[in-house]
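Observations on the model geometry
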Amino acid sequence: LLLPGIRRVLLVCNGYPESGRLYRNAFLHRRVVAYRAAGVLVDVVVVAQGESPRAYEHEGILVQVCTPKMLGETVARSAHTAIAVHFLDEVTWSALARAPAERRIVVWIHGAEIQSPKRRSFNYQDDAALQDAIESMQRRDAFWRGLFLEQRGGLRFVFVSRTFAEEVWADLGVRCADDRWCVIHNPIDTGLFQGPAKDPEQRLKVLSVRPHDSRIYANDLVRQAIELMAADEAFDLLTFELVGDGALWEENFRGLDRYPNVILRREFLRQGEVAGLHRKYGVFLVPTRGDTQGVSRDEAMSSGLVPVTCGVGSVAEFVDDDSGILCPPEDPRALADAVLSLVKDPALFSRLSGGATARVRRQSGVDVVLPQELRMLGERAHEH
């Protein structure tokens with residue numbers, strides 16, 4: 001890769017949005033756009049084993065796909081001011097380790113790349129499958145333990161929530177030195193996801209925009225909650241729009257096409273299209289089995305939608321009784337009752353809608369988060 005890197009940050013990841021895969025780490029693209037708007041230039045590299053090197057452009061950002069070997073050769077001689085890494089694995093680290101020891105390398109840790117299978121037990125058919133997964137992760141866990149204890153001068157770690165970080169320390173049985181890690185939430189584009197006050201009538205319009213490639217998103221609970229609401233006299237007042245795609249789509253939403261007030265859209269949307277949908281709806285039905293943050297929920301909250309979600313994982317770090325409704329895990333009845341409570345109480349809806357917007361802007365807005373990220377990378381926003 002011909003990336004001299006002078007006065008530039010190198011962003012290394014395992015995937016980046018492109019035609020046909022618009023959801024693939026879309027939050028990284030929003031970071032790169034925000035960095036560029038702040039005057040910090042970024043080279044984007046996707047590490048892909050067994051894939052031919054190539055380059056493509058996504059919404060004005062050049063993306064280079066390379067092998068781990070090519071990445072190692074690049075960082076060994078490039079002059080990037082810092083390297084930002086998302087979804088690190090052992091093979092990618094073996095390449096990054098060729099960078100000079102003093103080079104600032106900041107590793108963002110999001111969840112799937114490090115979490116114990118015990119925290120994702122819903123993905124396994126039975127206890128034997130879960131135990132096999134735990135045993136197969138022993139090498140990965142050993143890699144992370146070693147990395148957290150690494151004495152490399154420029155190495156730092158960022159977790160997207162404190163609850164998640166503490167779970168990792170507990171599961172691995174090691175703890176990184178306090179001056180080598182911090183918590184910085186994923187930034188939310190509050191300019192795109194704007195929160196003008198919702199009309200109380202929008203409490204009758206319920207939205208879901210989620211991937212369907214993992215059970216962690218709990219889309220099956222959306223179906224069950226809608227089926228339970230169908231028995232309520234208020235059901236016909238409601239409109240639901242369910243958007244997304246993935247291998248579990250049909251299983252998750254089977255039978256919902258029998259309801260005339262349920263719109264099913266099996267497709268992926270660009271961020272601008274999602275923001276447009278947000279403007280039409282008032283409630284975001286977003287159960288989960290273990291978010292480490294929940295970016296799509298935060299984006300909806302920023303737009304003024306009231307989240308109806310589950311108090312699991314790190315969700316309570318981002319949603320409270322003034323900004324949404326937290327339900328017990330695996331409880332479609334509670335989800336249904338939460339939506340119906342908003343139907344019957346427009347004042348509650350309006351209070352939570354305003355609270356949702358304020359919470360995100362205060363906690364995870366891009367203008368709050370971006371300076372924290374740039375400081376970690378040894379950069380600062382440049383005046384234009």
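Now for a quick tour of the structure. All residue numbers here refer to positions counted from 1 along the written sequence of the relevant chain. pLDDT decides what is reported in this predicted model: residues at 70 or higher carry local features, side-chain atom pairs at 80 or more are listed and counted, and totals for whole chains, interfaces and linings draw on all residues regardless. Water and hydrogen atoms were dropped before computing side-chain values, which therefore reflect all heavy atoms in the structure.

Let us now look at the overall build of the protein chain. The secondary structure content of the protein chain amounts to 13 helices and 14 strands. All radius of gyration figures rest on C-alpha atoms, and the globule criterion is 2.2 Å times the number of residues raised to 0.38. Relative to the compact-globule value of 21 Å for 384 residues, the protein chain shows a C-alpha radius of gyration of 21 Å, a close match. Per-residue burial over the protein chain gives 57% buried out of 384 residues. In the protein chain, of all internal contacts separated by at least 6 residues, the share reaching a separation of at least 24 is 68%. Mean positive and mean negative side-chain charge positions of the protein chain (47 and 52 charges, respectively) differ by 5 Å. Only DSSP runs of H or I with at least four residues qualify as helices, and only runs of E with at least two residues qualify as strands; both kinds are numbered from the N terminus onward. The buried label goes to any residue with under 20% of its type's maximum accessible area, the exposed label to any with over 50%, and the partly exposed label to all in between, with areas taken from a 1.4 Å probe on protein chains only. Note on contacts: a residue pair is in contact if any heavy atoms of the two residues lie within 4.5 Å. Charge assignment in this entry is limited to Lys and Arg as positive and Asp and Glu as negative, and neither His nor the chain termini are counted. Charge placement uses NZ in Lys and CZ in Arg. For Asp and Glu, CG and CD serve respectively.

Buried within helix 6 (residues 162-172) are the following residues: Phe164, Ala165, Glu167, Val168, Trp169 and Leu172. Considering only its buried residues, helix 6 is in contact with strand 6 (104-109), helix 5 (138-148), strand 7 (155-159) and strand 8 (181-183). Its side-chain oxygen 3.5 Å from the backbone nitrogen of phenylalanine 164, serine 161 forms the N-cap of helix 6. Two residues or fewer after helix 6 comes glycine 173, characterised by a positive phi angle close to 75 degrees. Residues adjacent in sequence count toward polar contacts only when both atoms are side-chain atoms; beyond that, a polar contact is any pair of N or O atoms within 3.5 Å, and within protein one must be able to donate a hydrogen and the other to accept it.

Okay, the sheet that holds strand 12 (residues 283-285) next. The strand order 11-10-9-12-13-14 describes an open sheet built from six strands, whose pairing is parallel. Of all the strands in the sheet, just strand 11 (262-266) and strand 14 (325-327) have a single pairing partner and so form its edges. Strand after strand, the sheet turns through a mean of 20 degrees between neighbouring axes, direction not considered. Any two strands are treated as partners once DSSP identifies two or more bridges connecting them. Pairing of strand 13 (residues 306-310) with strand 14, which is carried by three bridges, proceeds in the parallel orientation. Residue pairing across strands places valine 308 opposite isoleucine 325, the latter belonging to strand 14. Each of strand 9 (205-209), strand 10 (239-244) and strand 11 is contacted by helix 9 (residues 271-280), which is oriented at about 160 degrees to strand 9, the strand it contacts most. Along the sheet, helix 11 (residues 332-344) contacts strand 9, strand 12, strand 13 and strand 14; its crossing angle with strand 13, the most-contacted strand, is approximately 165 degrees. Here, axes are lines fitted to C-alpha atoms. For helices the fit covers the stretch in contact, and angles between N-to-C directions go from 0 to 180 degrees.

Here the focus is the sheet that holds strand 1 (residues 8-13). Pairing is mixed across the open sheet formed by eight strands, whose spatial order is 3-4-2-1-5-6-7-8. The sheet terminates laterally at strand 3 (54-58) and strand 8, the two strands that pair on one side only. Looking at each pair of strands side by side, their axes are set apart by 25 degrees on average, direction ignored. Looking at chain direction, strand 3 and strand 4 (residues 61-66) are connected through five bridges and run antiparallel.

This next bit is on the packing of aromatic side chains. Side-chain rings of Phe, Tyr and Trp, where Trp is taken by its six-membered ring, are said to pair if the distance between their centres is within 6.5 Å; with planes under 30 degrees apart they count as stacked, over 60 as edge-to-face, and otherwise as tilted. Scanning all chains against the criterion turns up 13 aromatic pairs. An angle of 65 degrees between the planes, with centres 6.2 Å apart, marks the rings of phenylalanine 27 and phenylalanine 87 as edge-to-face. Here phenylalanine 27, found in helix 1 (residues 26-37), pairs with phenylalanine 87, found in the loop between strand 5 (82-86) and helix 3 (90-96); they are 60 residues apart in sequence, far enough to count as distant. Since its relative accessible area comes to 17%, phenylalanine 27 is described here as buried. On the accessibility criterion, phenylalanine 87 (16% relative accessible area) is buried. Three or more aromatic residues link up through ring pairs in this structure, and these residues are Phe143, Trp144, Phe148, Phe157, Phe159, Phe164, Trp169 and Trp181.

So, about the packing of helix 7 (residues 219-229) against helix 11. For the pair helix 7 and helix 11, interaxial distance at closest approach is 8 Å and the crossing angle is 60 degrees. One way to sum up the angle between helix 7 and helix 11 is to call them oblique. Here the hand of the crossing between helix 7 and helix 11 comes out right-handed. Of helix 11, the residues touching helix 7 (which contributes Leu221, Gln224, Ala225, Leu228 and Met229) are Pro332, Arg333, Leu335, Ala336, Val339 and Leu340. Across the contact of helix 7 with helix 11, the residue classes tally to nine nonpolar, one polar and one charged. Roughly parallel refers to an angle under 35 degrees, roughly antiparallel to one over 145, roughly perpendicular to one between 65 and 115, and oblique to any angle outside these ranges. We call a crossing left-handed when the near helix sits turned anticlockwise from the far one by less than a right angle, and right-handed when that turn is clockwise. Lys, Arg, Asp and Glu make up the charged group, whereas Ala, Val, Leu, Ile, Met, Phe, Trp, Tyr, Cys and Pro make up the nonpolar group; the residues left over, Gly among them, are polar.

Topologically, threonine 357 is positioned in helix 12 (residues 346-363). Since its relative accessible area comes to 9%, threonine 357 is described here as buried. Reaching out from threonine 357, the side chain makes a polar contact with the backbone nitrogen of glycine 304 at a distance of 3.4 Å. Once residues within four sequence positions are removed from consideration, threonine 357 is found in contact with Gly195, Met301, Ser302, Ser303 and Gly304.

This paragraph deals with the pattern of salt bridges. A pair is scored as a salt bridge if a Lys or Arg side-chain nitrogen falls within 4 Å of a carboxyl oxygen belonging to Asp or Glu. Under the defined criterion, the tally for this structure stands at 28 salt bridges. Among the ionic pairs, glutamate 90 bridges to arginine 139, the shortest N-O distance being 2.9 Å. On the criterion of sequence distance, the pair formed by glutamate 90 in helix 3 and arginine 139 in helix 5 is long-range, its members being 49 residues apart. The class for glutamate 90 is partly exposed, based on a relative accessible area of 33%. What emerges from the salt-bridge pattern is a single network uniting Glu18, Arg21, Glu51 and Arg54.

Further remarks concern a negative patch on the surface. Patch membership requires more than 30% relative accessible area and the absence of a salt bridge. Residues of like charge join within 9 Å; the nonpolar side chains Val, Leu, Ile, Met, Phe, Trp and Tyr join within 5 Å. Accessible surface is estimated by sampling points in the Shrake-Rupley manner with a 1.4 Å probe; for residues, cover comes only from the protein chains shown. Side chains of Asp126, Asp127, Asp132 and Glu135 sit close together on the surface and give a patch of like negative charge. In this structure, aspartate 127 sits in helix 4 (residues 127-136).

Moving on, we get to the state of the cysteines. The term disulfide is used for any two cysteine sulfur atoms that are within 2.5 Å. Under the counting rule described, the total for this entry stands at zero disulfides. Just so you know, cysteine 66 is unpaired, no disulfide at all, and the nearest cysteine sulfur is the one on cysteine 13, 9.9 Å from it. Looking at cysteine 66, the relative accessible area reads 0%, which means it is buried. Here cysteine 176 stays unpaired: no disulfide links it, and the sulfur of cysteine 182, its closest cysteine neighbor, is 10 Å away.

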